[in-house]
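As a plain string of letters, each chain reads:
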Amino acid sequence: MADAVELEVAGRTVRLSSPDKVFFPERGFTKLDLARYYIAVGPGILRALRNRPTTLERYPEGVTGENFFQKRAPKNMPDWIPTAHITFPSGRSADEMCPTEVGAVVWAAQFGTLTFHPWPVRRDDVDRPDELRLDLDPQPGTDYADAVRAAHELRSVLHDYGDLRGWPKTSGGRGLHVFVPIAPHWTFTQVRRAAIAAARELERRMPDQVTTAWWKEERGEKIFIDYNQTARDRTIASAYSVRPRPHAPVSAPLTWDEVGSALPRDFDLATMPVRYVERGDVHADMDDHAYSLEALLELAARDEHDHGLGDLPYPPEYPKMPGEPKRVQPSRAKKG
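Right, let's walk through the structure included here. (Residues numbered from 1 in each chain as written. Predicted model: local features only at pLDDT ≥ 70, side-chain atom pairs only at ≥ 80, totals over all residues. Heavy atoms only, no water.)

Things to note about the packing of aromatic side chains
- By the definition in use, this model includes 10 aromatic pairs.
- Relative to tyrosine 227, the ring of tryptophan 214 has its centre 6.0 Å away and its plane inclined at 55°; by these criteria the two rings are tilted. Linking tryptophan 214 in the loop between β13 (210–211) and β14 (223–225) with tyrosine 227 in the loop between β14 and α6 (271–279), this pair joins segments that are 13 residues apart in sequence. For the residue pair tryptophan 214 and tyrosine 227, the accessibility class agrees, reading buried in each case. (Phe/Tyr/Trp six-rings, centres within 6.5 Å; stacked < 30°, edge-to-face > 60°. Helix = DSSP H or I, 4+ residues; strand = E, 2+ residues; numbered from the N terminus. Buried < 20%, exposed > 50% of the residue type's maximum accessible area, 1.4 Å probe, protein only.)

What follows is the structure, given as structure tokens:
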């Protein structure tokens, strides 16, 4: 195994130790392959990560080894990579890395980072999200095709409530993500409220295919709209991130015309660089837009006033939130 190589990344020299270490045994992809992949899609992943506090999902021994999520900026991080101070729901805080150049992404890959999980904020205002993120998560008995149908109807919901435009991408698994760039005017609580309103409207339009039920026992064979991915400190894998599965899939940005024709397995560590050469970053114009959430927040207010639809449960590690319903599994509540 080679000791180390030095990679030139947009004017920055990044040292890569053990470049021949195999990270994906099924495909034979090495650490060097991973680093070269991130260089190949560099402008695209940097667009997704730029100035965002970012959690690193690390697999130091490759996809078959142990893994962990690193929220705090590593102590050995070079001083040319900036950080942002963020606060968790527990009240604790940390400094997270905020990539501003492709070299930071490759530097993280050197330490086994496969997937990058950016916050929906920028480091100059870490309490006001600038993205509304909607996660369409297939439940057992459903698949990617079901997520596609829900995504197309979600597109209509977004258009009907504020003329919003969403940018879709594969999750790297069976699901889809739709991101809406928004003006950084609203708090995490308000953005989550807007996500719940959009999810409930989609559920009304597709009651047999979509659910907002937080408890798995109530979801059935439907697409779950995971509104809690908009809660503080909940993150979604970035566009172009490599996902920790044997075939090395990546989270692939799509155009709406491709939602349904393209399949998640079309995009991996080997195929995405080819697509990038041919198409570039199909989400490159996201940062040119900043939409308003007013229409969705008005919908949320009507849902509560007219139908008694208030807040929904937060994840279990969160402190009890104002207006939150009882956070207990329905089956356990009945037994109690």
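Quick notes on the environment of isoleucine 81
- Residue position: isoleucine 81 is located in the loop between β6 (68–70) and β7 (83–87).
- Isoleucine 81 gets classed as buried once you look at its relative accessible area, which sits at 5%.
- Residues isoleucine 81 and valine 63, 18 residues apart in the sequence, show an inter-C-alpha distance of 26 Å.
- In contact with isoleucine 81, other than residues within four places in its own chain, are Met97, Cys98, Ala104 and Trp107. (Contact = heavy atoms within 4.5 Å.)

Things to note about the layout of surface pockets
- Each pocket or cavity is described by its volume, and for the largest pocket that value is around 850 Å³.
- Taken together, 35 residues make up the lining of the largest pocket; nearest its centre are Asp135, Asp226, Gln229, Arg234 and Thr235.
- The element that contributes the greatest number of residues to the lining of the largest pocket is strand β10 (residues 131–138), accounting for four residues.
- Of the pockets and cavities examined, the second largest pocket occupies roughly 190 Å³.
- Lining of the second largest pocket is provided by 15 residues; of these, Arg52, Arg122, Asp130, Ile182 and Pro184 occupy positions nearest its centre.
- Taken together, the residues of the lining of the second largest pocket sort by class into six nonpolar, one polar and eight charged. (1 Å grid on protein atoms, 1.4 Å probe; cavity = no way out; pocket = protein on both sides within 12 Å on 5 of 7 lines; lining within 4 Å. Points joined across faces, edges and corners; volume = space filled by probe spheres on them. Nonpolar A, V, L, I, M, F, W, Y, C, P; charged D, E, K, R; others polar.)

Let's talk about the sheet that holds β10
- Pairing in this open sheet of five strands is mixed, and the strands run β11-β12-β10-β14-β13 from one edge to the other. Looking at strand neighbours, the two that pair on one side only are β11 (167–170) and β13, the edges of this open sheet.
- Relative to strand β12 (residues 176–181), β11 runs antiparallel, the two being bridged by four bridges. Looking at β12, one finds that lysine 169 is bridged to histidine 177. (Pairing = 2+ DSSP bridges.)

Some thoughts on the side chain of aspartate 130
- With respect to the helices, strands and loops of the structure, aspartate 130 is situated in the loop between β9 (113–118) and β10.
- What makes aspartate 130 buried here is its relative accessible area of 13%.
- Leave out the neighbours within four places in its chain, and aspartate 130 touches Arg52, Pro120, Val121, Arg122, Val180, Pro181, Ile182 and Pro184.

Some points on helix α5 (residues 188–205)
- Along its 18 residues, α5 runs 26 Å from first to last C-alpha, staying within 8% of the 26 Å computed at 1.5 Å per residue.
- Buried within α5 we find Phe188, Val191, Arg192, Ala194, Ala195, Ile196, Ala197, Ala198, Ala199, Arg200, Glu201 and Leu202.
- Considering only its buried residues, α5 is in contact with β10, α4 (144–160), β13, β14 and α7 (294–307). (Expected span 1.5 Å × (residues − 1).)

Details of helix α3 (residues 102–110)
- Within α3, nine of the nine residues are buried, which leaves it mostly tucked inside the rest of the structure.
- Turning to α3, its buried residues are Val102, Gly103, Ala104, Val105, Val106, Trp107, Ala108, Ala109 and Gln110.
- In the stretch just after α3, glycine 112 is the one whose phi turns positive, near 80°.

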